[in-house]
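Now for the letters of each chain:
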Amino acid sequence: QVQLVESGGGLVQAGDSLRLTCAASERTFSTWNMGWFRQAPGKEREFVAGFTFGDTRYGDSVKDRFTISRDVAKNTVILQMNSLKPEDTAVYYCAARTSSLARYSAWGQGTQVTVSS
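These numbers were taken from a predicted model, which means no experiment stands behind them.

Caption draft 1: Inspection of the sheet that holds strand S7 (residues 66-71) at higher detail. Pairing is antiparallel in the open sheet, where four strands are placed in the order S1-S3-S8-S7. Strands with a single pairing partner mark the edges of an open sheet, and in this sheet they are strand S1 (5-7) and S7. Each strand of the sheet is rotated relative to its neighbour by a mean of 20°, with strand direction disregarded. Here six bridges tie S7 to strand S8 (residues 76-81), and the two strands are oriented antiparallel to one another. Note that in S8 the partner of Thr67 across the bridge is Gln80.

Right, here's the structure in full:
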């Protein structure tokens, strides 16, 4: 069973930075493809960042502000969020899929990010 645990959410002001981490087991981290999504109140879930065939991919609204990376030693995927905007307010979810061609099928419980203006 794939377990994903997010951490790092919180309340920040516009322009601040925040770092989210997603922890997984060594097996999951080494064999599954992991990424980040978010969902704001009243809106559909939105792709934020992920890896596709080794390359990083970002949603249009976060390009040049967010960076996704992998910490192999800690089996974690990191989402570094800079220049945060109030519209970045959402619950952020870590997700995993079996390959770059598969749908994301495993989800964490989510972590709240709130950006005040």
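Caption draft 2: Just the packing of aromatic side chains, in detail. Counted under the stated rule, the structure contains four aromatic pairs. Considering the side-chain rings of Phe37 and Trp107, the 5.0 Å spacing of their centres and the 65° angle between planes classify their relative orientation as edge-to-face. Taken together, the positions of Phe37 in strand S4 (residues 33-39) and Trp107 in strand S10 (residues 106-107) put the pair 70 residues apart, joining distant regions of the chain. Consider the rings of Tyr104 and Trp107, whose centres lie 6.4 Å apart with planes at 50°: the pair is tilted.

Each value, and the rule that gives it
Residues numbered from 1 in each chain as written. Predicted model: local features only at pLDDT ≥ 70, side-chain atom pairs only at ≥ 80, totals over all residues. Heavy atoms only, no water. Pairing = 2+ DSSP bridges. Helix = DSSP H or I, 4+ residues; strand = E, 2+ residues; numbered from the N terminus. Axes fitted to C-alpha atoms, helices over the stretch in contact; angles between N-to-C directions. Phe/Tyr/Trp six-rings, centres within 6.5 Å; stacked < 30°, edge-to-face > 60°.

All we've got here are geometric facts, nothing functional implied.
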